[in-house]
Amino acid sequence: MAGVVTELVDTRPDVLGRIAFVYGSSASSGNAIYLAYFGHNHPGERMWTELLTDTKFINDRSMYDSEPIYDIEYLVEDIFRKRTTLPDEPATDLGIIFPALVKGSSRVRYFANQNARKYIRSADDGDIDCLEEYDVYRLIGAASAAPFVYDIPFKIGEDELIDAATISPSLDALEIEGKDLKYIYAFCRKNPGIRTDLKYWFNVIFFTLFVLPFRKRRFPLINYIQYALKPRRMRRAFREALLREKSGSAVVIYPDQDLGDILDNSPGNLRRNFDHGAQLVRSRMPDIERLLAD
């Protein structure tokens, strides 16, 4: 997603002034926050192609030692807080919305800054929280703590929170106020199909049979079930996005080929993913231009 964001704001320098809010689930919550705080100067390319190549961040061998595959704590405290520190004030008026899931439940907490809250009327499955009241770095960590790959929740207020992309990967559950809104959707995986689903379910079954039973720290069973059903939620998100695109109120950007292994954080794979997102924006730029011109 960092490649999509970078290419979009670099190609259309005026686009930040025309975006009311940005919604990002899971790791994209960090992209949303950094876009709002840095604007055109956000360090997304450096983060996702250089800093995250460290083996401290991802090590697939650790899954057999009951350690996190993705070390989100390292991502938050060393990469975000120390090496790509946020400015004291956002550089833009961009609204930010992203979800986090209360561990062991289906209740979502939607964190939104003041610029975004004025657009949200209600949430079907959770609460609207003031992003400004919390440590923003810890919020990014909570939103990124996915089942199967990171089994340690982040304590935010009274709740322990984890990745909510399994429940709310898009805006579907939010009632957004405002007429004639236009949308640019950027999905990190291709539109779910038989091949994609089979690959996803193979990974879920592998972790369930050969990894999960041996882990010392686990989330409640409900959270792993939610993760296993994620393709169903993604289909709904795709349908909503494609319906809006068909009506002329959206442009949908998503990979048209399989990206590299999510457990491969080699410089080459990270660069390939970043460049692929940028290329997709370039391929859809005529449609984006029409959307912004209407």
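Above this note sits the structure.
Note that the structure is a prediction, hence the values are computed from the model and not measured. (Residues numbered from 1 in each chain as written. Predicted model: local features only at pLDDT ≥ 70, side-chain atom pairs only at ≥ 80, totals over all residues. Heavy atoms only, no water.)

Trainee: Describe the overall build of the chain, naming the residues involved and giving the relevant values.
Mentor: Helix and strand counts for the chain come out as 10 helices and 10 strands. Here the C-alpha radius of gyration of the chain, 18 Å, is about what a compact globule of 294 residues would show, namely 19 Å. Overall size of the chain, expressed as C-alpha extent along the three principal axes, is 55 × 40 × 35 Å. Residues classed as buried in the chain amount to 50% of the 294 residues present. Of the contacts made within the chain by residues no fewer than 6 positions apart, 72% connect residues no fewer than 24 positions apart. Summed over all atoms, the accessible surface of the chain reaches about 14300 Å², with 51% contributed by carbon and sulfur. (Helix = DSSP H or I, 4+ residues; strand = E, 2+ residues; numbered from the N terminus. Rg over C-alpha atoms; globule rule 2.2 N^0.38 Å. Buried < 20%, exposed > 50% of the residue type's maximum accessible area, 1.4 Å probe, protein only. Contact = heavy atoms within 4.5 Å. Areas by Shrake-Rupley, 256 points an atom, 1.4 Å probe, with all protein chains shown as cover.)

Trainee: Run through the pattern of salt bridges, naming residues and quoting values.
Mentor: Side chains bearing opposite charge may pair, as long as their charged atoms lie close to each other. This structure, assessed with the given rule, holds 21 salt bridges. For glutamate 7, the salt bridge identified is with arginine 282, shortest N-O distance 3.4 Å. Of this pair, glutamate 7 sits in helix H1 (residues 2-11) while arginine 282 sits in helix H10 (residues 267-293), and the two are 275 residues apart along the sequence. The exposure class of glutamate 7 is buried, given its relative accessible area of 17%. (Salt bridge = Lys/Arg side-chain N within 4 Å of Asp/Glu carboxyl O.)

Trainee: Tell me about the pairing of strand S9 (residues 183-186), and name the residues and values.
Mentor: Across the two faces of S9 the burial differs, with Tyr183 and Tyr185 buried and Ile184 and Ala186 not buried at all. Pairing analysis gives 4 bridges linking S9 to strand S10 (residues 250-253), with the strands arranged parallel. Bridge assignment links tyrosine 183 to a residue of S10, and that residue is alanine 250. (Pairing = 2+ DSSP bridges.)

Trainee: Explain the packing of aromatic side chains to me, and be specific about the residues and the numbers.
Mentor: One pair of aromatic rings is described through two measures. These are the centre distance and the angle between the planes. Applying the stated criterion across every chain, the model contains 17 aromatic pairs. Judged by centre distance (5.5 Å) and plane angle (65 degrees), the rings of phenylalanine 57 and tyrosine 70 are edge-to-face. Linking phenylalanine 57 in the loop between helix H3 (44-49) and helix H4 (72-83) with tyrosine 70 in the loop between H3 and H4, this pair joins segments that are 13 residues apart in sequence. The pair phenylalanine 57 / tyrosine 70 is uniform in exposure class, with both members buried. Ring centres of tyrosine 150 and phenylalanine 154 lie 6.2 Å apart, and the angle between their planes is 35 degrees; on these two criteria the pair is classed as tilted. (Phe/Tyr/Trp six-rings, centres within 6.5 Å; stacked < 30°, edge-to-face > 60°.)

Trainee: Break down unusual backbone geometry for me, citing the residues and quoting the values.
Mentor: Despite not being glycine, serine 26 shows a phi value in the positive range, around 60 degrees. Following the sequence through the fold, serine 26 ends up in the loop between strand S1 (21-23) and helix H2 (28-38). The buried category is assigned to serine 26, whose relative accessible area is 18%. In this structure, phenylalanine 148 is a non-glycine residue whose phi angle is positive, near 80 degrees. Topologically, phenylalanine 148 is positioned in the loop between helix H6 (136-144) and strand S6 (154-156). Using a relative accessible area of 6% as the deciding quantity, one classes phenylalanine 148 as buried.

Trainee: I'd like a description of a nonpolar patch on the surface, backed by residues and values.
Mentor: The grouping of Trp201, Ile205, Leu209, Phe210, Leu221, Ile225 and Leu229 at the surface amounts to a nonpolar patch, some 710 Å² of accessible area in total. When residues of the nonpolar patch are traced back to their parent elements, those giving at least two are helix H7 (194-210) and helix H8 (221-228). In terms of residues, the nonpolar patch owes the most to one element, H7, which gives 4 residues. Of note, tryptophan 201 is situated in helix H7. (Patch = residues over 30% accessible without salt bridge, like charges linked within 9 Å, V, L, I, M, F, W, Y side chains within 5 Å.)

Trainee: Give a detailed account of the environment of glutamate 175, specifying residues and quantitative values.
Mentor: Looking at the secondary structure, you find glutamate 175 in strand S8 (residues 174-176). Apart from the residues within four sequence positions on either side, glutamate 175 is in contact with Tyr119, Ile120, Arg121 and Ser122.

Trainee: Got a sec to walk through the side chain of arginine 109? Specific residues and values, please.
Mentor: Mapped onto the elements of the fold, arginine 109 is located in strand S3 (residues 108-112). Among the polar contacts listed, one links the side chain of arginine 109 to the side chain of tyrosine 134, at a separation of 3.0 Å. At 3.2 Å, the side chain of arginine 109 forms a polar contact with the backbone oxygen of isoleucine 156. Those residues in contact with arginine 109, other than ones at most four positions away along the chain, are Phe98, Pro99, Ala100, Val102, Asp127, Asp129, Tyr134, Ile156, Asp159 and Leu161. (Polar contact = N/O pair within 3.5 Å; in protein donor to acceptor, adjacent residues only side chain to side chain.)

Trainee: Lay out the environment of serine 283 with the relevant residues and their values.
Mentor: Among the secondary structure elements, serine 283 is positioned in helix H10. We classify serine 283 as partly exposed; its relative accessible area is 40%.

Limitation: the analysis is restricted to geometry and does not speak to function.
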